[in-house]
Amino acid sequence: MLNLERLRTLDALARHGSVGGAAAGLHVTTSAVSQQLAKLEREAGQQLIAKNGRGVRLTDAGRLLAEHARRILSQVELATADLEAQRGKAVGELRLAAFPTAARGLLPAALKALREEHPGLHTRSRELEPDDSIPAVIRGDVDLAVVLDWYNKPLPLPDGLAKEPLLYDPADVAMPAGHPLAGRAEADLQDFAEDEWVTWPDGEFCHEWLVFTLRSKGIEPRIAHTAEEHHTQLALVAAGLGVCVAPRLGRGPVPEGVRVVPVRHTMRRHIYVVWRADADRRPSIRAAVEALRTAAEAVES
């Protein structure tokens with residue numbers, strides 16, 4: 001008899017590509033992963049993994065069993081969803097992820113509502129950028145993720161995910177109070193062609209969006225400083241070190257010495273929540289989506 005948790009370990013190894021990655025995804029030690037795989041090999045009566053340099057690889061038998069494990073775990077997810085739907089209550093554990101400004105601007109209200117309205121549901125949340133949270137949903141590391149794309153640069157979604165729009169988040173340009181455009185009611189991106197920019201780190205989706213958007217306006221961006229957090233970006237702007245895009249969700253009061261000016265042709269982010277389609281019938285998923293929608297409506301009002 002093949003053990004379900006050991007099949008889950010093999011599935012994690014297949015998805016992550018390493019014992020360390022599987023351990024991180026399952027929130028266990030590498031030793032625990034190795035022990036589970038060794039027991040699964042004894043149960044299967046075949047070698048499932050082999051050394052590959054400093055790491056490991058799946059054997060042919062390992063790949064075959066990993067494919068079965070993926071389908072079995074998907075069926076377990078469906079069975080859990082059906083049982084939860086039959087019971088009709090949002091119960092158990094629900095894991096959510098959100099990018100930082102959504103974690104600040106949406107999650108507190110949504111998680112509070114879930115605790116009050118569904119006392120049998122225990123939620124866990126973490127900050128993750130969309131490039132990390134979408135794979136985490138697919139792997140099953142989290143149940144839902146709040147993600148974003150931009151009005152002119154959609155974020156591709158893999159098959160097997162469901163999504164629900166939450167809100168449109170306008171973005172302004174933040175600049176030092178002494179900037180020549182600081183008193184404007186609105187401005188064009190072209191007006192900042194000679195400015196240095198403070199932006200997200202290279203390789204992040206929002207950084208790629210900014211470079212793409214400026215170049216589409218005929219502007220070769222002059223990136224002076226990068227920072228993960230919007231508040232850090234605004235602090236650099238307050239110090240007179242450049243301008244930045246400042247989305248409104250979760251922004252809070254801007255620092256002294258910073259002015260924000262709307263862009264004439266509105267820049268906006270599309271904020272939505274995604275989850276695995278095979279978990280769609282779970283009342284806890286529907287409850288979380290509803291709580292996030294209500295929190296988003298409060299932000300927009």
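Keep in mind the model is a prediction, meaning the values are calculated, not measured. (Residues numbered from 1 in each chain as written. Predicted model: local features only at pLDDT ≥ 70, side-chain atom pairs only at ≥ 80, totals over all residues. Heavy atoms only, no water.)

Asker: Would you explain the sheet that holds strand 5 (residues 144-150) in this entry?
Answerer: Backbone-to-backbone hydrogen bonds pair the strands of a sheet. The strands run either parallel or antiparallel. The strand order across the open sheet formed by 6 strands is 4-3-5-10-6-9, and the pairing between neighbours is mixed. The open sheet has two edge strands, strand 4 (121-127) and strand 9 (244-247), and neither has a second partner. The sheet shows a mean angle of 30° between the axes of neighbouring strands, taken without regard to direction. Here strand 3 (residues 92-98) pairs with strand 5 via 3 bridges, running parallel. Bridging from a neighbouring strand, Leu-96 pairs with Leu-144 of strand 5. (Pairing = 2+ DSSP bridges. Helix = DSSP H or I, 4+ residues; strand = E, 2+ residues; numbered from the N terminus. Axes fitted to C-alpha atoms, helices over the stretch in contact; angles between N-to-C directions.)

Asker: Which parts of the structure should I look at to understand the pattern of salt bridges?
Answerer: Two side chains carrying opposite charge are able to pair once their charged atoms lie near each other. Per the counting criterion, the structure on display carries 23 salt bridges. Here Asp-169 makes a salt bridge to Arg-269, at a shortest N to O gap of 2.7 Å. Of this pair, Asp-169 sits in strand 6 (residues 161-176) while Arg-269 sits in strand 10 (residues 258-276), and the two are 100 residues apart along the sequence. Overall, the relative accessible area of 1% leaves Arg-269 in the buried class. For Glu-220, the salt bridge identified is with Arg-215, shortest N-O distance 2.9 Å. (Salt bridge = Lys/Arg side-chain N within 4 Å of Asp/Glu carboxyl O. Buried < 20%, exposed > 50% of the residue type's maximum accessible area, 1.4 Å probe, protein only.)

Asker: Hey, could you run me through the packing of helix 6 (residues 107-117) against helix 10 (residues 283-300) in this one?
Answerer: When two helices pack together, their arrangement is captured by the angle between the axes and the distance separating the axes. Remark: helix 6 packs on helix 10, axes separated minimally by 8 Å, with the N-to-C direction vectors making an angle of 135°. Taken together, the axis directions place helix 6 and helix 10 in an arrangement best described as oblique. Viewed along their axes, helix 6 and helix 10 form a crossing whose handedness is right-handed. Contacts between helix 6 and helix 10 involve Leu-107, Ala-109, Ala-110 and Leu-114 on the former and, on the latter, Ala-287, Ala-288, Ala-291, Leu-292 and Ala-295. Grouping the amino acids of the contact of helix 6 with helix 10 by side-chain chemistry returns 9 nonpolar, no polar and no charged. (Parallel < 35°, antiparallel > 145°, perpendicular 65-115°, else oblique. Left-handed = near helix turned anticlockwise from the far one by under 90°. Contact = heavy atoms within 4.5 Å. Nonpolar A, V, L, I, M, F, W, Y, C, P; charged D, E, K, R; others polar.)

Asker: Explanation requested: the pairing of strand 1 (residues 49-52) in the structure shown.
Answerer: The side chains of a regular strand alternate, residue by residue, between the two faces of the sheet. The sheet contact formed by strand 1 and strand 2 (residues 55-58) spans 4 bridges and is antiparallel. Residue pairing in the sheet places Lys-51 in a bridge with Val-56 of strand 2. Between strand 1 and the antiparallel strand that follows it, strand 2, lie 2 residues; Gly-53 among them carries a positive phi value of about 65°.

Asker: Any chance you could explain the pairing of strand 6 here in plain terms?
Answerer: Strand 6 sits mainly inside the fold: 12 of its 16 residues count as buried. Bridge count between strand 6 and strand 10: 15 bridges; the pairing is antiparallel. Among the inter-strand pairings, Ala-162 is bridged to a residue of strand 10, identified as Trp-275. Pairing of strand 6 with strand 9, which is carried by 4 bridges, proceeds in the antiparallel orientation. Paired with Ala-174 across the bridge in strand 9 is Cys-244.

Asker: When you look at the environment of Ala-288 in this model, what are you seeing that I'm missing?
Answerer: Along the chain, Ala-288 falls in helix 10. On the accessibility criterion, Ala-288 (1% relative accessible area) is buried. Residues Ala-288 and Val-91 lie 197 residues apart in sequence; the distance between their C-alpha atoms is 11 Å. When sequence neighbours within four positions are dropped, the list of residues in contact with Ala-288 reads Leu-94, Leu-96, Leu-114 and Leu-144.

Asker: What is the right way to read the packing of helix 1 (residues 4-16) against helix 2 (residues 19-26) from this model?
Answerer: Here helix 1 crosses helix 2 at 120°, and the two axes come no closer than 8 Å. If you check the angle between helix 1 and helix 2, you find them oblique. Relative to helix 2, helix 1 is oriented so that their crossing is right-handed. On helix 2, the residues touching Arg-8, Thr-9, Ala-12, Leu-13 and His-16 of helix 1 are Val-19, Gly-21, Ala-22, Gly-25 and Leu-26.

Asker: Can you walk me through the confidence of the model for the protein in this structure?
Answerer: Low-pLDDT portions of the prediction should not be read for the details of their coordinates. Counting all residues, the mean pLDDT for the protein is 90, and 97% of those residues have values of 70 or more. Least confident of the elements in the protein is helix 4 (residues 60-87), whose mean pLDDT is 77; most confident is strand 7 (residues 196-199), at 97. (pLDDT = per-residue confidence, 0-100.)

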